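# Structural features, examined
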Amino acid sequence: MNRRKHPIKLGLLILALSLTSAMQADDLFNNNASNLKSGTLLKDRPTYSPVTEQRLTKPEARNWLMYRGTYDSQGYSPLDQINAKNVHQLKPSWTFSTGMREAHQAPPVVNDGYMFVTTPHNHLLALDARNGELLWRYERELPEDQVQMHPTNRGVALHGDYVYMATADAYLVALNARTGKVEWEQEVEDYASGYYMTMAPLAASGKIMVGVSGGEFGIRGFIAAFDAKTGKPAWKTYTIPAPGEPGSESWPGDTWKTGGVPVWITGSYDPASKTTYWGTGNGGPWMGDARPGDNLYATSVIALDVDSGKLRGHHQYHWNDSWDWDEVSAPLLLDFQRNGKTVKGLVHPGRNGYLWFLERGKEKINFVDAKPYVKQDVFKSIDPVTGRPEYNLERKPATGKVTTFCPSSWGGKDWPPAAFNPQTRLLYIPANDNVCGKLKGQEAEYREGQLYLGAALEEFEVVLHEDAKDYIGELQAWNVDTAEKAWSVKFKSHNWGPILATAGDLVFAGGTNDRYFRAYNARSGKLLWQQRTNSGVIGVPVSYEIDGVQYIAVQSGYGVDAEREQALLNLSKGTTTYVPQGGVIWVFALEKENNQ
Amino acid sequence: MKTKARNCPTESSAANPGCPCRANAPTHRGRRRALKLGLLGAAWSPLTVFAARKPGKMRPQAGDHLVFAYGERQGEIISPGDLTLNAKPIEAYPKQLASNVIRDRSRLNALLLVRLDPQTLPPTMDKYAANGLVAYSAVCTHTGCTVEGWDPATQQMSCPCHGSQYAAGNAAKVLMGPAPKPLAMLPLSINSGELTVAGAFSRKVGFKVNKY
């Protein structure tokens, strides 16, 4: 056996193959990008339906065109082929392994047969939504010297013929939805200064909007809009006012420059008033006494004009945040009843453990009411007119002090989105109760691009309430018209499961550490179906329909904060629960539909 | 060409530190292209080399001194006397004295400099420690945060982002958390009281996108 010849032959073969495939790719896509992998040949791909403003405003029931399905962020599908009567027949239709680790949180976004899924480290997959055939795959080359505190991505936006992804190195990338070719990419901020992005962009009024992460890295948060076609910057609105601007008096000295207030979850949009609504994150560093004042517009909802970015109103859920309670989930836009009147509302289950009902006025946001949905020992009271909480100061973390407080920094509900079913009038909240937090405040020194925390993370602990032996995670259902809890499903595990509500009287969610994905009766909470998956399900579930078949789709792939909370719960409880990593896209349909 | 690349030592010698393969590579454009093409099939990323071209971005080289990365003495050369036994590691960057360049243009050059009891160090660290002084990469191997935490009682280094803990006295072995591998060590030497770098990192610094 001649040992020398083989490597040469092999090398030539590989060279020939790579040249051939490169030539093919060039011929087909006119694209030299080595980070684009093609699956199906271009000629065999379905035609692509351009995503118009009209379609975004009123998406067809069969599609799931954005993060929460619709601009109102209700996470509700009008499809009902799969329903409470037949969901026990639900079976996997196909799966797809992403080949990635860490947190798989993105919803599979579906437009007439095309499915778009993002993974940690900014891979973007286009699949045939019918059968899971890979159409193309874009793998972003991320800089090797960056920090990834939260290796995840929460999905794409669609507009026209393009699909958009916000990246960990703080770029907005527009790709041709059919070919995967990068049409343009635009730097949003410098990653070396601690900025990164994990959210699904918001496409509206000819613009693509994104917010930035980095609340632990001394950034100054903002939301920015770019022209959907060209990527040209349209506007940029900071979440911390500069000196002289309204609200700037709530930031002493130079604290506004590094005060955090990231935006890392997709906003809601009201096309009637052309207003976008965004949730904002924690002030930085974590200890509020490092930046005495209310710190507008941290831990708030802010209303921005979609065309100019101008601030139209805000409501701060809690002032001078010291608990790392990011209120980044965008409020759900829905009408609710109060005192015999219909309120055009904003509803937000807060990380601070209160369920907030607000009114979206024309040029301002009005407080309606709020009540705790988990055990909360920080607020002494809430002003009935303004909604401003009064604090029990013993429960407010401070520099040089160890403080315990409930709920923990992960809150009553972290980022996993709640859903609303307009038929049942119920709001479904993925909650966590009985886990309190312990923080040791310390001084932080700002260094560009480095962690700027103000707390000893090595002493970051969870403290369990005695009821934790009964349950931690919950799926809660609240009637929005009475502001009363209708039912609750309790889990021993913590719960990080985003929620899908459907017209089939169903609620779908995973989120527990036992790797199950489940369906519940939307009116009673009764468990109707479950499927054990490869990993923990912390992805956003969706529903779509093709050729008369309704599908439910979700990613399973545990990581980031769900994993970190599991590690701390293990320490606290003396358990050794292990949730395996690795992402898989799961798609389900009814058994009889599968067999057709 | 491939044979030449394969013959390169994986550990660089003090005489030829950093990336000796690249330094010795032919500079002729055509030959370089041929080399690239030849390596196309192999899993070899040219990016790591591009990043290292500017002196301020180059990985530490033998003979480099170390300077304070932050604080009042930022930029000043660190001498052995600046380090106290079992005290919190000093954050440092390498500096090439001849060119007066601090190699702080890449986070991947950030170092943690610590003084440990030489009697307690395992033989695996002999190559890297100089009279109990040890330099580790400061970049966590999980997702790249700076390893800031320190427990003087146990000599454990910890990453604030996701809680990985490394044993400073045992070649940065991972004791807890999601970090997949130890921090890289940078060999040190002390000559006439001067603390300098003695060679290249023991392994690739930074984190890798984890595919499975």
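Residues numbered from 1 in each chain as written. Chains lettered and ligands numbered in written order. Predicted model: local features only at pLDDT ≥ 70, side-chain atom pairs only at ≥ 80, totals over all residues. Heavy atoms only, no water.

## Quick look at the overall build of chain B
The number of helices and strands found in chain B is four helices and 12 strands. Put simply, of all contacts in chain B between residues at least 6 apart along the chain, 53% involve residues at least 24 apart. Summed over all atoms, the accessible surface of chain B reaches about 10400 Å², with 53% contributed by carbon and sulfur. (Helix = DSSP H or I, 4+ residues; strand = E, 2+ residues; numbered from the N terminus. Contact = heavy atoms within 4.5 Å. Areas by Shrake-Rupley, 256 points an atom, 1.4 Å probe, with all protein chains shown as cover.)

## Quick word on helix α3 (residues 560-573) of chain A
All names here are of chain A. Compared with the 20 Å implied by 1.5 Å per residue over 14 residues, the 20 Å span of α3 between its first and last C-alpha is a close match. For α3, the set of buried residues is Val560, Ala562, Arg564, Glu565, Gln566, Leu568, Leu569 and Asn570. Looking at the packing, one finds that the buried side of α3 touches β4 (103-104), β9 (152-153), β31 (435-440) and β32 (461-464). (Expected span 1.5 Å × (residues − 1). Buried < 20%, exposed > 50% of the residue type's maximum accessible area, 1.4 Å probe, protein only.)

## What about the packing of aromatic side chains?
Residues and elements named next belong to chain A. As enumerated under the stated definition, the model contains 31 aromatic pairs over all chains in all. Ring geometry for Phe222 versus Tyr238: centroids 5.7 Å apart, planes at 75 degrees, classification edge-to-face. In this pair, Phe222 is assigned in strand β16 (residues 222-227) and Tyr238 in strand β17 (residues 233-238), connecting sequence segments 16 residues apart. For Tyr238, a relative accessible area of 30% translates into the label partly exposed. Measuring from ring centre to ring centre gives 6.5 Å for Phe508 and Trp529, while their planes differ by 65 degrees; the resulting arrangement is edge-to-face. On the criterion of sequence distance, the pair formed by Phe508 in strand β36 (residues 506-509) and Trp529 in strand β38 (residues 527-532) is long-range, its members being 21 residues apart. For Phe508, a relative accessible area of 0% translates into the label buried. According to the relative accessible area criterion, Trp529 is buried, its value standing at 6%. (Phe/Tyr/Trp six-rings, centres within 6.5 Å; stacked < 30°, edge-to-face > 60°.)

## Focus: the pattern of salt bridges
By the definition in use, this model includes 39 salt bridges over all chains. Across the pair Glu144 of chain A and Lys204 of chain B runs a salt bridge, and its minimum N-O distance is 3.5 Å. With Glu144 of chain A in the loop between β8 (134-139) and β9 and Lys204 of chain B in the segment after β12 (194-197), this residue pair bridges two chains. Here Asp433 of chain A ties to Lys375 of chain A by a salt bridge, and the two come within 3.6 Å at their closest N and O atoms. Of this pair, Asp433 of chain A sits in the loop between β30 (426-432) and β31 while Lys375 of chain A sits in the loop between β25 (365-372) and β26 (379-382), placing them 58 residues apart in sequence. When its relative accessible area of 27% is taken as the criterion, Lys375 of chain A is described as partly exposed. Through salt bridges with shared partners, one network takes in Arg55, Glu60, Arg62 and Asp112 of chain A. (Salt bridge = Lys/Arg side-chain N within 4 Å of Asp/Glu carboxyl O.)

## Focus: the environment of Ala225 of chain A
All names here are of chain A. By the element assignment, Ala225 lies in strand β16. Taking C-alpha positions, Ala225 is 8.9 Å from Thr237, a pair spaced 12 residues apart along the chain. Those residues in contact with Ala225 that lie beyond four places of it in its chain are Lys207, Ile208, Met209, Lys232, Pro233, Ala234 and Trp235.

## As for the sheet that holds β32 of chain A
All names here are of chain A. Taken together, the three strands give an open sheet; going across it, the order is β28-β31-β32, and neighbouring strands pair in antiparallel fashion. Single-partner strands in this sheet number two, and they are β28 (402-405) and β32. The sheet shows a mean angle of 25 degrees between the axes of neighbouring strands, taken without regard to direction. With four bridges joining them, β28 and β31 adopt antiparallel strand pairing. Note on β31: the bridge partner recorded for Val402 is Lys440. (Pairing = 2+ DSSP bridges. Axes fitted to C-alpha atoms, helices over the stretch in contact; angles between N-to-C directions.)

## Section: the sheet that holds strand β20 (residues 300-305) of chain A
Residue and element names in this part refer to chain A. Strands sit in the order β18-β19-β20-β21 across an open sheet of four strands; the sheet is antiparallel. Looking at which strands have only one partner, the edges of the open sheet turn out to be β18 (268-270) and β21 (311-316). The average undirected angle you get between the axes of adjacent strands in this sheet is 20 degrees.

## Describing the pairing of strand β33 (residues 473-479) of chain A
Residues and elements named next belong to chain A. Of all seven residues in β33, six are buried; the element is thus mostly enclosed. Sheet topology note: the β30/β33 ladder contains seven bridges and is antiparallel. What sits directly across from Pro430, in β33, is Leu475. Relative to strand β34 (residues 484-491), β33 runs antiparallel, the two being bridged by seven bridges. The partner of Ala477 across the bridge, within β34, is Trp487.

## A look at the state of the cysteines
Where two cysteines share a covalent bond between their sulfur atoms, that bond is called a disulfide. Under the defined criterion, the tally for this structure stands at two disulfides over all chains. Residue Cys406 of chain A pairs covalently with Cys436 of chain A via a disulfide, S to S 2.1 Å. Taking the torsion about the S-S bond as the criterion, the Cys406 of chain A to Cys436 of chain A disulfide, at about 95 degrees, is right-handed. Of this pair, Cys406 of chain A sits in the loop between β28 and β29 (419-421) while Cys436 of chain A sits in strand β31, and the two are 30 residues apart along the sequence. Per residue, the accessibility class of Cys406 of chain A equals that of Cys436 of chain A, and both read buried. Disulfide pairing is shown between Cys145 of chain B and Cys161 of chain B; the S-S distance is 2.0 Å. Here the S-S torsion is close to -95 degrees, and the disulfide linking Cys145 of chain B with Cys161 of chain B is therefore left-handed. Pair noted here: Cys145 of chain B is in the loop between β5 (133-137) and β6 (149-151) and Cys161 of chain B is in the loop between β7 (156-158) and β8 (165-167), with a separation of 16 residues, a long-range link. The class of Cys145 of chain B is buried, set by a relative accessible area of 2%. (Disulfide = S-S within 2.5 Å.)

## Some points on the nonpolar core
Within the largest apolar cluster, 80 residues are counted, with the highest numbers of intra-cluster contacts made by Trp286 and Phe379 of chain A together with Val134, Tyr136, Val147, Met157 and Tyr166 of chain B. Contributing elements (two or more residues each) for this core: β20, β24 (354-360), β25, β26, β31 and α3 of chain A together with β4 (111-115) and β5 of chain B. Counting residues in each nonpolar core, the second largest holds 57 residues, with Leu56, Ala126, Tyr162 and Ala225 of chain A among its members. (Core = buried A, V, L, I, M, F, W, Y, C linked by side-chain atoms within 4.5 Å.)

## A closer look at the environment of Trp478 of chain A
Residues and elements named next belong to chain A. Considering the arrangement of structural elements, one finds Trp478 in strand β33. For the pair Trp478 and Leu426, spaced 52 residues apart in the sequence, the C-alpha separation amounts to 5.2 Å. Discounting residues that sit within four places of it in the chain, Trp478 has contacts with Leu355, Lys371, Pro372, Tyr373, Arg425, Leu426, Leu427, Ile429, Ala483, Glu484, Lys485 and Ala486.

## Remarks on the confidence of the model for chain A
Residue and element names in this part refer to chain A. Looking at chain A, the pLDDT average stands at 94 and 93% of residues meet or exceed 70. For residues 1-5, every residue scores under 50 in pLDDT, and the model assigns this stretch one contact once sequence neighbours within four places are set aside. Contacts from residues 16-32, a stretch scored under 50 in pLDDT, to residues over four places away or in other chains number 18 contacts. (pLDDT = per-residue confidence, 0-100.)

## Focus: unusual backbone geometry
Residues and elements named next belong to chain A. Cis geometry marks the peptide bond from Gly284 to Pro285, where omega comes out at -10 degrees. With respect to the secondary-structure elements, Pro285 resides in the loop between β19 (275-279) and β20. That bond from Cys406 to Pro407 is cis: its omega, -5 degrees, falls within 30 degrees of zero. Looking at the secondary structure, you find Pro407 in the loop between β28 and β29. At Ala170, a position not held by glycine, the phi torsion is positive, near 60 degrees. Mapping Ala170 onto the fold places it in the loop between β11 (162-166) and β12 (171-176). Judged by relative accessible area, which is 0%, Ala170 ranks as buried.

## Things to note about the side chain of Ser193 of chain A
Residues and elements named next belong to chain A. Structurally, the position occupied by Ser193 is in the loop between β13 (182-187) and β14 (202-204). You can call Ser193 buried: its relative accessible area is 13%. Among the polar contacts made by the side chain of Ser193, one reaches the side chain of Glu448 at a distance of 2.6 Å. (Polar contact = N/O pair within 3.5 Å; in protein donor to acceptor, adjacent residues only side chain to side chain.)

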